[in-house]
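Notes for the structure review
Each chain is listed here by its residues.
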Amino acid sequence: AQSVSQHNHHVILSEAASLELGCNYSYGGTVNLFWYVQYPGQHLQLLLKYFSGDPLVKGIKGFEAEFIKSKFSFNLRKPSVQWSDTAEYFCAVRVKAGNMLTFGGGTRLMVKP
Amino acid sequence: KAGVTQTPRYLIKTRGQQVTLSCSPISGHRSVSWYQQTPGQGLQFLFEYFSETQRNKGNFPGRFSGRQFSNSRSEMNVSTLELGDSALYLCASTETSGVREQFFGPGTRLTVL
């Protein structure tokens, strides 16, 4: 069965710092990859997704992620974080027909003003 | 378009009772997935329904069941509640074609005493 690992459980940054959150998955076949964000008290919402093509994908709010197939990684990046980016971030993988997502354990990001 | 709605938003039950949670997907979406979110286990897939048929099932005991109606609304049921069933239960509605983005509802917070 596939699995997803997020290495950083808690990250604390100051505003304007750069962000990189790691995500690795274990599955040898074709994958769809996602990053979701959960702001305090709000729904899970999609930040960005990768299905195929250009491995560098751009999402909402200035986030981007790079798919590196050889490393089974899909790391999330943002050049300059804002206080409003404080949230929990989840990496997820979809590997087969249907819509089952396998999520990583999440990374709680706190941005200090 | 209205988003995914889940009812009730909060629920308190005691051990041994059963509970039914409801989810109304976005209009036109025929796939509904359910996830359990806990601090210890993170987000775990329960099951997916598509056109009234269960298409995928996660690794949960048989006490967890679900169904989908002809209007795509879905219910999940948990029988013989245990303390460990306390969690946020999320419903996700997926586009039928195209990129098949999953849209999540606000969740039902279940507390088992």
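None of these values were measured; they are calculated from a predicted model. (Residues numbered from 1 in each chain as written. Chains lettered and ligands numbered in written order. Predicted model: local features only at pLDDT ≥ 70, side-chain atom pairs only at ≥ 80, totals over all residues. Heavy atoms only, no water.)

**Points about the overall build of chain A**
- Along chain A, the regular secondary structure elements total zero helices and 12 strands.
- The N-to-C order of helical and strand elements in chain A reads β-β-β-β-β-β-β-β-β-β-β-β.
- Taking 2.2 N^0.38 as the reference for a compact globule, 113 residues should give roughly 13 Å; the C-alpha atoms of chain A span a radius of gyration of 13 Å, in line with that estimate.
- The C-alpha extent of chain A, read off along each of the three principal axes, is 40 × 25 × 20 Å.
- For chain A, the residues scored as buried account for 50% of the 113 residues in total.
- For chain A, contacts bridging at least 24 residues in sequence account for 54% of all contacts bridging at least 6.
- Counting every atom, chain A has about 5500 Å² of accessible surface; 54% of that belongs to carbon and sulfur. (Helix = DSSP H or I, 4+ residues; strand = E, 2+ residues; numbered from the N terminus. Rg over C-alpha atoms; globule rule 2.2 N^0.38 Å. Buried < 20%, exposed > 50% of the residue type's maximum accessible area, 1.4 Å probe, protein only. Contact = heavy atoms within 4.5 Å. Areas by Shrake-Rupley, 256 points an atom, 1.4 Å probe, with all protein chains shown as cover.)

**Notes on the pattern of salt bridges**
All names here are of chain A.
- In this structure the tally under the stated criterion is 10 salt bridges over all chains.
- Two residues, Arg-77 and Glu-64, come together in a salt bridge whose shortest N-O distance is 3.5 Å. Placement of Arg-77 in strand β9 (residues 73–78) and of Glu-64 in strand β8 (residues 64–68) is noted, with a sequence separation of 13 residues between them.
- Arg-77 sits in the partly exposed class, given a relative accessible area of 23%.
- Through salt bridges with shared partners, one network takes in Lys-58, Glu-64, Glu-66 and Arg-77. (Salt bridge = Lys/Arg side-chain N within 4 Å of Asp/Glu carboxyl O.)

**With respect to the side chain of Ser-22 of chain B**
All names here are of chain B.
- With respect to the helices and strands, the residue Ser-22 is situated in strand β3 (residues 19–24).
- Residue Ser-22 is classed as buried on the basis of its relative accessible area of 13%.
- There is a polar contact of 2.8 Å between the side chain of Ser-22 and the side chain of Arg-73.
- Among all residues touching Ser-22, those that are not within four sequence positions of it are Thr-5, Gln-6, Thr-7, Trp-34, Arg-73, Ser-74 and Glu-75. (Polar contact = N/O pair within 3.5 Å; in protein donor to acceptor, adjacent residues only side chain to side chain.)

**Description of the sheet that holds strand β7 (residues 64–68) of chain B**
Residue and element names in this part refer to chain B.
- Reading across the sheet, the four strands line up as β1-β3-β8-β7 and stay open at both edges, with antiparallel pairing between neighbours. The strands lining the two open edges of the sheet, one partner per strand, are β1 (5–7) and β7. The average undirected angle you get between the axes of adjacent strands in this sheet is 20°. (Pairing = 2+ DSSP bridges. Axes fitted to C-alpha atoms, helices over the stretch in contact; angles between N-to-C directions.)

**Digging into the environment of Lys-57 of chain B**
Residues and elements named next belong to chain B.
- Note on placement: Lys-57 falls in strand β6 (residues 53–57).
- Judged by relative accessible area, Lys-57 falls into the partly exposed class, the value being 42%.
- Between the C-alpha atom of Lys-57 and that of Leu-46, which follows or precedes it by 11 residues, the distance is 5.9 Å.
- Every residue in contact with Lys-57, bar those within four places of it in the chain, is listed here: Phe-45, Leu-46 and Phe-47.
- Among the polar contacts made by the side chain of Lys-57, one reaches the main-chain carbonyl oxygen of Phe-60 at a distance of 3.3 Å.

**Quick notes on the packing of aromatic side chains**
- All chains considered together, the criterion is met by 15 aromatic pairs over all chains.
- Plain terms: the ring middles of Tyr-25 of chain A and Phe-67 of chain A are 6.5 Å apart, the flat faces sit at 25° to each other, and that makes the pair stacked. Linking Tyr-25 of chain A in strand β4 (residues 24–26) with Phe-67 of chain A in strand β8, this pair joins segments that are 42 residues apart in sequence.
- A relative accessible area of 6% places Tyr-25 of chain A in the buried class.
- Using a relative accessible area of 11% as the deciding quantity, one classes Phe-67 of chain A as buried.
- A connected cluster of aromatic rings, assembled from ring pairs, spans Phe-34, Tyr-36, Phe-51, Phe-90 and Phe-103 of chain A together with Tyr-35, Phe-45 and Phe-104 of chain B.
- Here the basic side chain of Arg-55 of chain B rests over the ring of Phe-50 of chain B, its NZ or CZ set 4.4 Å away from the ring centre. (Phe/Tyr/Trp six-rings, centres within 6.5 Å; stacked < 30°, edge-to-face > 60°. Lys NZ or Arg CZ within 6 Å of the ring centre and 35° of its normal.)

Honestly, it's all geometry; don't read function into it.
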